[in-house]
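For reference, the chains in residue letters:
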Amino acid sequence: MKLQFFIIFLFSTLLYSQNELSGIVVDNADKSPLEFVGVYNQADHTMTNADGRFQFSSTSDSIIIYRPGYDKITSTFNKTNDTIYLNKSVLELNEVTVTNEKTLWQKVKDSIDSNYPLYPYKEKFLLRGVLRYNGEITRIQDLQGKLERRTLLYTQDIEPDKKDFKVELTNMRKVGLVLDENDIYFIFDSFYGLFMNLIPVNATGDAFDLTESTFENGEKINLNFQTKPEIANEKVRGYYIINTKNNAIEQFKIVLEFENNPFSENEDSRYRTISIDKEISLSKSSKTKKYYITSAKYDVRVEQTDKNNSFTSYYDVSFILTTSDNEDDFVVQKNVSTSKDLFKINYPYDQSYWNAQNQLLLTEEMLDFIEKVQDPNNEFKVRSNIKN
């Protein structure tokens, strides 16, 4: 009987053992670290931070490393080194500007119902916000929880509504300076504003020039777009990566640069947005055969001065979103407003959770910042839920 118990115990231990890997992903050409690289398998998912670093654990032995625009690596834990080199995909450029973009885009539109969930569903999320003032980090916030969406995409039949998102916050850490050196408070976006911004949009109209290239033996199309030269005040460029087998958008990137954007005024401050850069990755679920946003990045640069133009400062705010357990069956009990400035949300800090969290690692710069502002000798007013 004792022998039987030992065998069963040993078997269960082996069955649920975790594979673990920590490493860095770099560009094979210039050896620069690559952010926003997915490291995943059918069971688990993580991604690299701005240092290119990740920590991944899974009960499955398979491992996939992929970033759109680079060749995918499929391997196992034992065969993967802690430094991973990615090669850029070779694009087969067409010789002429796209002339059948309406046909291509019509195929994408015709496939929306079969490719994306246009109905309510639930998922889990991790959201990171980082604010820089003149290049220096001044705020970090990580929020983890459960999300219920009314739909993934909006169509002519589905109009946006303030009640489209329900959020149950389950973990949060935040630390940052309340005001900058000019006594200015930078307003973070809300859950609603961010989720609405992190949705692919149509950039294939008459205002754009489009070019097309293929890669992965023609299985993927890279559709590049940019505004026509005669459009002077706003420059927009980016691309879609489209799967030719099912006409699904698997990657969307758009960069908006505003030239001569007018200033808005708030008391003694004048400010304007000068650029927006967002990148969205969608992956197909083996369970539902639908595509979900697995990761997204949203960067905004704001220029700030005063009424006398006596100084010029820049804010750079960046949000990264990752999701998991898409369409799983769990309850979402709303406990936070989706219209509130994210940095003004209060929620207790759970040290054990954040010590174990490896979905998105803090960078060395972030760790240094947290240590610095938590110093009791720090002269600036700090808002934080992290307890030493």
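The structure presented is a predicted model; accordingly, all values stated were derived computationally and were not measured. (Residues numbered from 1 in each chain as written. Predicted model: local features only at pLDDT ≥ 70, side-chain atom pairs only at ≥ 80, totals over all residues. Heavy atoms only, no water.)

J.: Any details on the pairing of strand 9 (residues 121-133)? Residues and values, ideally.
T.: Burial analysis of strand 9 places 10 of its 13 residues in the buried class, the great majority of the element. Looking at chain direction, strand 9 and strand 10 (residues 136-149) are connected through 13 bridges and run antiparallel. Across the sheet, Lys122 pairs through a bridge with Glu148, a residue of strand 10. Remark: 2 residues form the turn of the hairpin made by strand 9 and strand 10, two consecutive strands paired antiparallel; Asn134 in that turn has positive phi of roughly 50°. (Buried < 20%, exposed > 50% of the residue type's maximum accessible area, 1.4 Å probe, protein only. Helix = DSSP H or I, 4+ residues; strand = E, 2+ residues; numbered from the N terminus. Pairing = 2+ DSSP bridges.)

J.: Give a detailed account of the pattern of salt bridges, specifying residues and quantitative values.
T.: A full pass over the atoms with the stated rule returns 23 salt bridges. The salt bridge involving Lys166 is made with Glu148; its shortest N-O contact spans 3.5 Å. Of this pair, Lys166 sits in strand 11 (residues 165-177) while Glu148 sits in strand 10, and the two are 18 residues apart along the sequence. With its nearest N and O atoms 2.8 Å apart, the salt bridge here joins Asp299 to Lys297. For Asp299, a relative accessible area of 22% translates into the label partly exposed. Salt bridges sharing common partners tie together Arg67, Lys253, Asp277 and Glu279. (Salt bridge = Lys/Arg side-chain N within 4 Å of Asp/Glu carboxyl O.)

J.: I'd like to hear about the domain arrangement of the protein, residue by residue, with values.
T.: Splitting the protein by domain gives domain 1 (19-86) and domain 2 (103-384). Using C-alpha coordinates to define each centre, domain 1 is positioned 22 Å away from domain 2. Each side of the interface is counted separately: domain 1 has 17 residues, and domain 2 has 18 residues. With both sides pooled, the region where domain 1 packs onto domain 2 buries about 1500 Å², and carbon together with sulfur makes up 55% of that total. Counting across the interface, domain 1 meets domain 2 through 2 salt bridges. Between Arg67 and Glu279 there is a salt bridge, and its shortest N-O distance comes to 3.0 Å. The interface formed by domain 1 and domain 2 includes 7 residue pairs in polar contact (both at pLDDT 80 or more). Those elements giving two or more residues to the side of domain 1 that touches domain 2 turn out to be strand 3 (45-47) and strand 4 (53-58). Broken down by element, the side of domain 1 that touches domain 2 gets its largest block of residues, 4 residues, from strand 4. Split by residue class, the side of domain 1 that touches domain 2 holds 6 nonpolar, 7 polar and 4 charged. (Domains from an automatic or database assignment. Contact = heavy atoms within 4.5 Å. Buried area = accessible area lost by both parts, 1.4 Å probe. Polar contact = N/O pair within 3.5 Å; in protein donor to acceptor, adjacent residues only side chain to side chain. Nonpolar A, V, L, I, M, F, W, Y, C, P; charged D, E, K, R; others polar.)

J.: Could you give an account of the pairing of strand 10, with specific residues and numbers?
T.: The buried fraction of strand 10 is high, at 12 of 14 residues. Alignment of strand 10 against strand 11, held across 11 bridges, turns out to be antiparallel. Residue pairing across strands places Ile140 opposite Val175, the latter belonging to strand 11.

J.: Help me get a handle on the packing of aromatic side chains, residues and values and all.
T.: Per the counting criterion, the structure on display carries 18 aromatic pairs. Each ring, one from Tyr121 and one from Tyr292, has its centre 5.3 Å from the other, and the planes form 65°; the classification is edge-to-face. Of the two residues, Tyr121 is situated in strand 9 and Tyr292 in strand 18 (residues 291-306); the sequence distance between them amounts to 171 residues. Each member of the pair, Tyr121 as well as Tyr292, carries the same accessibility label: buried. In this structure, Lys124 is placed above the aromatic ring of Phe330, and the distance from its NZ or CZ to the ring centre is 5.5 Å. (Phe/Tyr/Trp six-rings, centres within 6.5 Å; stacked < 30°, edge-to-face > 60°. Lys NZ or Arg CZ within 6 Å of the ring centre and 35° of its normal.)

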